[in-house]
Amino acid sequence: MRETEPEAGKRPLGVGMVGYAFMGAAHSQGWRTVGRVFDLPVEPVLSAVCGRDGGAVRAAADRLGWAAAETDWRALIARDDVDIVDICTPGDSHAEIAVAALEAGKHVLCEKPLANTVEEAEAMAEAAGRARARGQVAMVGFNYRRVPALALARRMVAEGRLGALRHVRLTYLQDWLVDPEFPLTWRLLKERAGSGALGDLGAHIVDLAQYLAGEQVAGVSALTETFVRERPLVADADEGAGASGGLTVAGGTAGGARLGAVTVDDAAVFTGRFPSGALASFEATRFATGRKNALRLELNGSHGSLAFDLERLNELSFHDHTEPAASAGFRRILVTEPDHPYLEAWWPPGHGLGYEHTFVHQARDLLHAIATGAEAEPSFTDGLSVQRVLAAVEESAAKNSVYTQIPA
Ligand code: SOE
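In this text the structure is predicted, and so the values were computed from the model without any measurement.

**Some points on the overall build of the protein**
- Broken down by element type, the protein carries 10 helices and 17 strands.
- Its C-alpha radius of gyration of 21 Å places the protein within 12% of the 22 Å reference for a compact globule of 408 residues.
- Its C-alpha atoms give the protein principal-axis dimensions of about 65 × 60 × 40 Å.
- Here the protein holds 408 residues, and the buried ones make up 50% of them.

**Here's the deal with the sheet that holds strand β3 (residues 68-70)**
- Read across the open sheet, the 6 strands follow the order β3-β2-β1-β4-β5-β6; overall the sheet is parallel. Lying at the two open borders of the sheet, with one neighbouring strand each, are β3 and β6 (138-141). Here the strands of the sheet are splayed against their neighbours by 25° on average, with no regard to which way each runs.
- Judged from the 4 bridges that link them, strand β1 (residues 11-18) and strand β4 (residues 84-87) form a sheet pairing that is parallel. Bridging from a neighbouring strand, Val 15 pairs with Ile 84 of β4.

**Brief notes about the site of the ligand**
- Taken together, Phe 22, Gln 174, Asp 200, Leu 201, Leu 247 and Asn 293 are the residues near the ligand.
- For the shell around the ligand, the class distribution of residues is 3 nonpolar, 2 polar and 1 charged.

**Considerations on the nonpolar core**
- One finds Val 49, Ala 98, Met 124, Ile 205, Ala 209 and Val 393 to be the most contacted residues of the largest nonpolar core, which totals 114 residues.
- It is helix α8 (residues 197-213) that contributes the most residues to this core, 11 residues altogether.
- The residues that make up this core include at least three from each of domain 1 (12-143) and domain 2 (147-234 + 256-353 + 376-405).

**Things to note about unusual backbone geometry**
- The amide bond that connects Lys 112 to the next residue, Pro 113, takes the cis arrangement and shows omega of -15°.
- One can find Pro 113 in the loop between β5 (107-111) and α5 (118-133).
- The peptide bond linking Glu 377 to Pro 378 adopts the cis configuration, its omega dihedral lying at -5°.
- Its place among the elements puts Pro 378 in the loop between α9 (357-372) and α10 (380-398).
- The phi dihedral of Tyr 342 falls on the positive side, at around 70°, and the residue is not glycine.

**Focus: the UniProt feature "domain: Gfo/Idh/MocA-like oxidoreductase N-terminal" (unreviewed entry) in the protein**
- Here the UniProt feature "domain: Gfo/Idh/MocA-like oxidoreductase N-terminal" (unreviewed entry) sits at residues 14-137.
- The span residues 14-137 carries 48% helix and 21% strand; its end-to-end C-alpha distance comes to 14 Å.

**Re the packing of helix α6 (residues 148-158) against α8**
- One can describe the packing of α6 onto α8 by two numbers: an axis separation of 8 Å at closest approach and a directional angle of 40°. On α8, the residues that touch Leu 150, Ala 153, Arg 154 and Val 157 of α6 are Leu 208, Tyr 211 and Leu 212.

**Observations regarding the domain arrangement of the protein**
- You can read the domains of the protein as domain 1 (12-143) and domain 2 (147-234 + 256-353 + 376-405).
- Placing a centre on the C-alpha atoms of domain 1 and another on those of domain 2 gives a separation of 25 Å.
- Listed per partner, the contact involves 22 residues of domain 1 and 24 residues of domain 2.
- With 6 residues, the top contributor of residues to the side of domain 1 that touches domain 2 is α5.
- Within the side of domain 1 that touches domain 2, the residues separate by chemical class into 16 nonpolar, 3 polar and 3 charged.

Reading guide: rules and limits
Residues numbered from 1 in each chain as written. Predicted model: local features only at pLDDT ≥ 70, side-chain atom pairs only at ≥ 80, totals over all residues. Helix = DSSP H or I, 4+ residues; strand = E, 2+ residues; numbered from the N terminus. Rg over C-alpha atoms; globule rule 2.2 N^0.38 Å. Buried ≥ 20, exposed ≤ 12 C-beta atoms within 10 Å, placed from the backbone. Pairing = 2+ DSSP bridges. Axes fitted to C-alpha atoms, helices over the stretch in contact; angles between N-to-C directions. Near = placed C-beta within 6 Å. Nonpolar A, V, L, I, M, F, W, Y, C, P; charged D, E, K, R; others polar. Core = buried A, V, L, I, M, F, W, Y, C linked by C-beta atoms within 7 Å. Domains from an automatic or database assignment. UniProt positions renumbered as here; feature names shortened; annotations may be inferred. Contact = placed C-beta atoms within 7 Å.

Dropping the structure here:
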């Protein structure tokens, strides 16, 4: 399926995507669907996808609906039919591609975490600031902000329904690394991925905590651990950048494969403070046996609490502490009403959404920002702020959990 023709009367905006693994497939789904669901003055056109392996990227273009394939990201950025550069590569190439794309006058969507280091994230935020003055938009792919129930949670916190926040508690649990025979793909190499569960999963929950609380974490105390320190080498650590994005490797490794060092964390557990006085706690792990993609959170405030579980993403639990104790208690809000965030465009009440819709909403928000000239959120400055928390977690963990302040 190819999506090359813009809808009549809408300004076409060409998209060029770098990377086509798990996230690239998810983003493609967003670009393909957004114009059919949301009424926007602009229409994305899937102009070209880029990857290093010519045969594989051409196959991905056909599978995912892109009109053309490129093997050099610089050539992709230079194309006249590319207005938006969408970066879905491992973290070690984010900064170079994003800065080049912004300097070339393109809008940019970059997968999370924004970069592998604070220095790279600073350079990206600076480039985005210069580009903003020229009318360009830059956004980080923290897609869980686009779960309607979490956007509703943000709205309720901002409206004061929870009163003063006391606790912001988040966990993000997966289990795909439990098997010590799982091979050493790029996600386990610091120079490629920046960090492990911390940057991959912890980045999501730090961003959500800051988004929901409406303020930035001021300092952290952290522990990290690498439970399995050596894993079987694969011929090409990028193999996992194929269809599964490093979460599986086709055929596994041959028995008796040589071992290589895992250079990232398997799990990170940390607490933090917000300037308002609220306390935060975070847990990110790839070793929570039985948990596949379990992102859960609970906020407790002086007037009430909110709880959310990604495995039931059409629901938000709310306890209103201002109600009489006899009738108060957590109740389930079914987040499928037309006046809930994003839902006016979708199905009648009760007909829920899923993971993939977050990428449609992400595309919608980016296109809306481009069309209206508004700043896109989460901005590269928001991504930098998450990066600073991740760096502070690593610093604190290296000092056995010493409280580490984060520069504002
Ligand atoms: C793998 O851990 C992963 O795909 C993350 O990279 C994504 O950001 C998350 O949404 C799901 O899990």
